[in-house]
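# Per-entry structural report
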Amino acid sequence: MSEEFEIKNKVAASGLINFDLTDLVPKGARKGIDLKDFLFMEMVLKEKDFREKVAAINVEDYRDSYVYVYNSADAIVPLWAYFLITAKLTDVTRKIVYGNSENLEIILMHDAITNHDFSEMNGKRVLVKGCSDKLIPENAYVELVEKIQPIVKSLMFGEACSNVPILKN
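Residues numbered from 1 in each chain as written. Predicted model: local features only at pLDDT ≥ 70, side-chain atom pairs only at ≥ 80, totals over all residues. Heavy atoms only, no water.

## Observations concerning the overall build of the protein chain
Along its length, the protein chain carries five helices and seven strands. For 169 residues, the compact-globule estimate of 2.2 N^0.38 gives 15 Å, and the C-alpha radius of gyration of the protein chain, at 23 Å, exceeds that figure by more than 25%. If one aligns the C-alpha atoms of the protein chain with their principal axes, the spans along those axes are about 80 × 35 × 25 Å. Residues classed as buried in the protein chain amount to 35% of the 169 residues present. In the protein chain, of all internal contacts separated by at least 6 residues, the share reaching a separation of at least 24 is 77%. Carbon and sulfur atoms make up 53% of the accessible area of the protein chain, which amounts to about 10,900 Å² in all. (Helix = DSSP H or I, 4+ residues; strand = E, 2+ residues; numbered from the N terminus. Rg over C-alpha atoms; globule rule 2.2 N^0.38 Å. Buried < 20%, exposed > 50% of the residue type's maximum accessible area, 1.4 Å probe, protein only. Contact = heavy atoms within 4.5 Å. Areas by Shrake-Rupley, 256 points an atom, 1.4 Å probe, with all protein chains shown as cover.)

## What to know about the packing of aromatic side chains
Evaluated as defined, the whole model comprises six aromatic pairs. Geometrically, the ring pair formed by F50 and W80 is edge-to-face, given 5.9 Å between the ring centres and 85 degrees between the ring planes. Here F50, found in helix α2 (residues 47-55), pairs with W80, found in helix α3 (residues 79-89); they are 30 residues apart in sequence, far enough to count as distant. Of the aromatic side chains, those joined through ring pairs into one cluster are F38, F50 and W80. (Phe/Tyr/Trp six-rings, centres within 6.5 Å; stacked < 30°, edge-to-face > 60°.)

## Quick notes on the packing of helix α4 (residues 101-115) against helix α5 (residues 138-148)
Across the interface, α4 lies against α5 with an axial gap of 9 Å and an inter-helix angle of 15 degrees. On the basis of the axis angle, α4 is roughly parallel to α5. The element α4 and its partner α5 pack so that their crossing is right-handed. Each of I106, M109, H110, I113 and T114 in α4 lies in contact with α5, whose residues at this interface are N139, A140, E143, L144 and K147. Considered class by class, the residues forming the contact of α4 with α5 number five nonpolar, three polar and two charged. (Axes fitted to C-alpha atoms, helices over the stretch in contact; angles between N-to-C directions. Parallel < 35°, antiparallel > 145°, perpendicular 65-115°, else oblique. Left-handed = near helix turned anticlockwise from the far one by under 90°. Nonpolar A, V, L, I, M, F, W, Y, C, P; charged D, E, K, R; others polar.)

## A look at the sheet that holds strand β2 (residues 30-34)
On the basis of which strands lie adjacent, the open sheet formed by three strands has the order β2-β3-β4 and parallel pairing. Unpaired on one side and paired on the other, β2 and β4 (95-98) mark the two borders of the sheet. The mean inter-strand angle of the sheet, taken between neighbouring strand axes irrespective of direction, is 20 degrees. Pairing of strand β3 (residues 66-70) with β4 involves four bridges; the strand directions are parallel. Paired with Y68 across the strands is V97, a residue of β4. Each of β2, β3 and β4 is contacted by α3, which is oriented at about 170 degrees to β4, the strand it contacts most. Docked against the sheet, α4 engages β2, β3 and β4, running at close to 130 degrees with respect to β4. (Pairing = 2+ DSSP bridges.)

## Some remarks on the packing of α2 against α3
Remark: α2 packs on α3, axes separated minimally by 10 Å, with the N-to-C direction vectors making an angle of 20 degrees. If you check the angle between α2 and α3, you find them roughly parallel. Of the two elements, α2 crosses α3, and the hand of that crossing is right-handed. Residues E47, F50, R51, V54 and A55 of α2 touch α3, and the partners they reach there are W80, A81, L84, I85 and K88.

Listed below in structure tokens is the structure:
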């Protein structure tokens, strides 16, 4: 093929780094534990009954999972109840948190961004992908900008064909 008809990828040639936050989403099952199911009549925590139900948890059901513990009942649950469940599952789960599934995803993305090596972006032009098949917590985008702003040459958001400039250093 002659040079005048050669197709060139201008985005690749520009040195622009396309970054997709979905690449940082940890893979693995997400499972919730509702403390309501451990309460007497879904209203009262009886210590003996609670301890028996916690002891009966099959830890293999949670192996290598990301777990969130919450209470959907209109009941006051002492903090030690969360301690017991956490102590039971810590050795088999990848992560266990208090809160709902959204809280879990926020914490997982926080950990992923905190631990990711962004050195490849040092002094580069970076485009953070805007569309995704996976739901990314908004906070992840905030944390990403906070983390990479000091090292990138420029930061954009969106797609290569239509992006929003965010900053230039």
